[in-house]
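Structure assessment
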Amino acid sequence: MAIHVTRSTQTKPRSSSFKRTQSQQGVFQLSDKRKESIAQQRFQSMADNSPQSMDLNSLQNVANGKKNSFFRAIAGASTPGTLEDINIAGGNLPGTPTLDLGTTNRPQNAVAPDFQVQLIPIHRNPHRFRARIIKTQDADEGNVNAMHVKNGTYYTNYRWIPDNELANYGMNQQTGANLRVTTLVAMMNAIDWDHVYMNVSGSISRLSRDAEQEHLSDTRHAYNISIGALDQAIDTLVAQMPQNGYQPDGGEGYKSQQSARNDMFSKINQLLPNGSRGHISANQNTWLNDYLNLTQMTQNRDNQGWHSFELRKSGFWHNNLLLKSVTELWDIYAEHPETTVQYVDAISGPQININTIPSATVVHF
């Protein structure tokens, strides 16, 4: 579910990263320090006062308390990591060019619940039966992990298109930082271009964490309204089953295995949440796919740009010639000692929308 960088070779699961489109250049042209400062304060407040920030410990306890918790495998909280940690967690080789600030994988090894219906003959009418429901498989939400970027400065494996090369790529001096980082062309034709380092502030790190937390919450909600709800409903039917088994309301007993099974599912359906009732088939072979399809709806957060960050060229103290000259002496990542360094800042994108849209709005039948 990654928002991929243009020309990137990454094939990640859900992640928070950068949209690089020509239309976003205006974000950098029109911003001044005063507006930028106000916006940064707003996003800082968003990150510090989010529900995830205030309740992160309890979420972590959910993940750790596996014995008694409803969710056994969905991570309770996103794990902090470096840019390279996130790159590898997303299934890429070490050193792959990346700008992704977070990743959440899809459920692995999930299992739908299962039940069987056992017929019990009614002595006075051998052609009619009571039904005993037996649960044969518990639901399992599958393993789901998430990672967000820690605050810090990271090497991206990208190169910076220099000013004198912009025209060759249809760009100008006002081109935003998102479009000035490249890999393929630089590796083949311009290996002496600046190596790109990305600064991640504490507030951006917290927003990255909360973005991945939303994906985890969406997955939990998908489980709650599908195989998790089915699992609980089956447990309830087993717990409430009369000693001699179920029989149809007002009837003398079930006529067949299928009629008994249909009635058991009807009872299960009535125990489901309102939004799930009538949307889940009696065919148990469809239950797991229902859950997995619901989990994919969390992708809409990325599709809408709600988890999109952008790049901005860092200020004077990061990119002045003296400091760049000093930095290059310590640039252990550089393939060529003469290569200088370009610093960029990760900032919130214009459509970022974190901690405001509940899972029930995003994930539903």
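Refer to the structure above for everything that follows.
Here's what I pulled together on the structure shown here. One numbering rule holds for all chains: residues counted from 1, following each sequence as written. For a predicted model such as this one, the threshold for reporting local features is a pLDDT of at least 70, and the threshold for listing and counting side-chain atom pairs is 80 or more; totals across whole chains, interfaces and linings nevertheless cover every residue. Side-chain calculation: all heavy atoms of the structure are included, whereas hydrogens and water are not.

What follows covers the sheet that holds strand β8 (residues 181–182). In space, the five strands of this open sheet follow the order β8-β7-β9-β11-β10, with mixed pairing throughout. Across the chains shown, the open sheet's two edge strands, defined by having one partner strand only, are β8 and β10 (309–313). At least two DSSP bridges between two strands are needed for those strands to be called paired. Labels follow the DSSP assignment, with helices taken as runs of H or I lasting at least four residues and strands as runs of E lasting at least two, numbered in each case from the N terminus. Pairing of strand β7 (residues 152–160) with β8, which is carried by two bridges, proceeds in the antiparallel orientation. Its bridge partner being in β8, Arg159 is matched across the sheet by Thr182.

Attention shifts here to helix α8 (residues 202–224). For α8, built from 23 residues, the straight-helix expectation of 33 Å at 1.5 Å per residue is met to within 8% by its first-to-last C-alpha distance of 32 Å. Buried, partly exposed and exposed residues are distinguished by accessible area as a fraction of the type maximum, computed with a 1.4 Å probe on protein chains only: under 20%, between the cut-offs, and over 50%, respectively. Burial within α8 is extensive, with 19 of its 23 residues counted as buried. The length a helix should cover is 1.5 Å for every residue beyond the first.

Here the focus is helix α11 (residues 287–295). For α11, the complete set of buried residues consists of Trp287, Asp290, Tyr291, Leu294 and Thr295. Axial view of α11: buried residues confined to an arc of 130°, hence all on one face. In this description, the arc belongs to the directions extending from the helix axis to the C-beta atoms.

Time to look at the pattern of salt bridges. Definition used for salt bridges: Asp or Glu carboxyl oxygen within 4 Å of a side-chain nitrogen of Lys or Arg. Per the counting criterion, the structure on display carries nine salt bridges. One salt bridge connects Asp163 with Arg180, and the closest N-O pair in it is separated by 2.7 Å. One end of the pair, Asp163, is in the loop between β7 and α6 (177–180); the other, Arg180, is in helix α6, with 17 residues separating them in the sequence. With relative accessibility at 40%, the residue Asp163 sits in the partly exposed group. Taking the shortest distance from any N to any O, the salt bridge between Lys267 and Asp263 comes out at 3.9 Å.

Scope: geometric values only; no functional claims are made or implied.
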